[in-house]
Amino acid sequence: MNPYESHRLRGLLPYPDREANKYSRGHLVLVAGSAAYPGAACLAALAAQRMGAGYTEVVTDPSALPIVQSFRPSLVVRSDETWLDGEPLTASPARPGACAVGSGFDPGDERSKRLLFRALDTADAPVLVDGGALAALATDEGRKRCRERFVCGLPTVATPHGGEAARLAKLLGLPTDDARSLARSLSLAYGIVVVLKGPVTWISDGEAEVCMDEGTPALAKAGTGDVLAGMIGSLLAQALAPVDACVLAATLHAHAARFASDDLTSVSVTPEDVLDYVPRAIAAMGFRDGASR
Ligand SMILES: NC(=O)C1=CN([C@@H]2O[C@H](COP(=O)(O)OP(=O)(O)OC[C@H]3O[C@@H](n4cnc5c(N)ncnc54)[C@H](OP(=O)(O)O)[C@@H]3O)[C@@H](O)[C@H]2O)[C@@H](O)CC1
Ligand SMILES: Nc1ncnc2c1ncn2[C@@H]1O[C@H](COP(=O)(O)OP(=O)(O)O)[C@@H](O)[C@H]1O
């Protein structure tokens, strides 16, 4: 059920080339955070940096700008008001990129819908949909946009937890009793790769499912999903294939939480700790600095 053995995962780690620059290492446009949830943008952004993206640009609500800017000076931060009318994201082999949208969005907010639809309509690059943007995805207009991207060969990834997946399923009256079948049916219905998160996480591209069961209940704390979204978005921005990006990120996320639990106990681990242990998880997977491809 999980064909990703350790040597295959090791081969997916995004080693920086000797000739790398910040653009060749991947540009992630992270449209995240809101007045209600600015912290989610911070968690996802640092996760993207830790996972290797060369240029992490956070697009956020004006009220969240100073919070994200003071969180990490290396982040490029801009207002979502200017982004709505700005240049669309493009990606090429020399300058790969991706957009991750929705971590920390307010699910009931009309603005979340405008931002999601702008990303789906204009990004000539992979788009990851997370958090509050999944409510807008679970509409006829959201699904239509995913199907159009699918027909154009543009990957879309969604990372729902059980509640968000139920919303996506409700639109089409899909059964929700079996997680593996739900991941597959959502993938087929929307034309997307689905990461259905939970104590066991199922990843489906509509043809096959990968079972991710290395997590720990230490991850059951608000904010760990935002960390995972930043990690997957970062790997998409580095041009990994969508399912590869999801499996590698979910594995490192689970391993980071386990390393953190070993030192801090599963009681005390926070999403920030998971972020701090991502480098250890990468190293333990067999990453060797200097072994650039
Ligand atoms: N620090 C920050 O800034 C943080 C910001 N965050 C951001 O907050 C935004 C809203 O996200 P959200 O998940 O809190 O709320 P929402 O989308 O309304 O769904 C929750 C409802 O769904 C249900 N439910 C069923 N199964 C479930 C499951 N397995 N896991 C969880 N819920 C499950 C359950 O309903 P019940 O089944 O109890 O009726 C529950 O009431 C989003 O943008 C996110 O990124 C968070 O990441 C936290 C840290
Ligand atoms: N009991 C558990 N065992 C293993 N992993 C878990 C468990 N509970 C939650 N997780 C993981 O933690 C993350 C929680 O994500 P999510 O529900 O989106 O939280 P949030 O929105 O608060 O960030 C997911 O990656 C999920 O798979």
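Reading the values: rules and limits
Residues numbered from 1 in each chain as written. Chains lettered and ligands numbered in written order. Predicted model: local features only at pLDDT ≥ 70, side-chain atom pairs only at ≥ 80, totals over all residues. Heavy atoms only, no water. Near = heavy atom within 4 Å. Polar contact = N/O pair within 3.5 Å; in protein donor to acceptor, adjacent residues only side chain to side chain. Areas by Shrake-Rupley, 256 points an atom, 1.4 Å probe, with all protein chains shown as cover. Helix = DSSP H or I, 4+ residues; strand = E, 2+ residues; numbered from the N terminus. Nonpolar A, V, L, I, M, F, W, Y, C, P; charged D, E, K, R; others polar. Contact = heavy atoms within 4.5 Å. UniProt positions renumbered as here; feature names shortened; annotations may be inferred. Buried < 20%, exposed > 50% of the residue type's maximum accessible area, 1.4 Å probe, protein only.

### Quick word on the site of ligand 1
Item 1. Near ligand 1, the surroundings consist of 18 residues, among which Gly104, Phe105, Gly132, His161 and Asp226 are the closest.
Item 2. The separation between an oxygen atom of ligand 1 and a polar main-chain atom of alanine 40 is 3.0 Å.
Item 3. Glycine 163 places a polar main-chain atom, nitrogen or oxygen, 3.0 Å from a nitrogen atom of ligand 1.
Item 4. Burial of ligand 1 by the surrounding chains reaches 51%, relative to a free accessible area of 900 Å².
Item 5. With four residues, the single largest contributor to the shell around ligand 1 is helix α8 (residues 162-170).
Item 6. Considered class by class, the residues forming the shell around ligand 1 number five nonpolar, ten polar and three charged.

### Considerations on the site of ligand 2
Item 1. In the vicinity of ligand 2 lie 17 residues, with Lys197, Gly198, Gly223, Thr224 and Gly225 positioned nearest.
Item 2. Within the side chain of lysine 197, an N or O atom sits 2.7 Å from an oxygen atom of ligand 2.
Item 3. Residue glycine 225 places a main-chain N or O atom 2.7 Å away from an oxygen atom belonging to ligand 2.
Item 4. Its free accessible area being 580 Å², ligand 2 has 78% of it covered by the protein chains.
Item 5. In the shell around ligand 2, the residues fall into six nonpolar, nine polar and two charged.

### A word on the environment of leucine 30
Item 1. Tracing the sequence through the fold places leucine 30 in strand β1 (residues 27-31).
Item 2. Leaving out residues up to four positions away in the same chain, leucine 30 has contacts with Ala41, Ala44, Ala45, Glu57, Val58, Val59 and Ala100.

### Looking at the UniProt feature "binding site: AMP" (unreviewed entry) in the protein
Item 1. Listed under "binding site: AMP" (unreviewed entry) in the UniProt record, and renumbered for this structure, are Lys197, Gly198, Pro199, Val200, Thr201 and Gly225. In terms of the greatest pairwise C-alpha distance, the residues named above, spread along 29 residues, form a tight cluster of at most 13.5 Å across.
Item 2. Assignment of secondary structure puts glycine 198 in the loop between β7 (193-196) and β8 (201-204).
Item 3. Owing to a relative accessible area of 35%, glycine 198 belongs among the partly exposed residues under this scheme.
Item 4. With respect to the secondary-structure elements, threonine 201 resides in strand β8.

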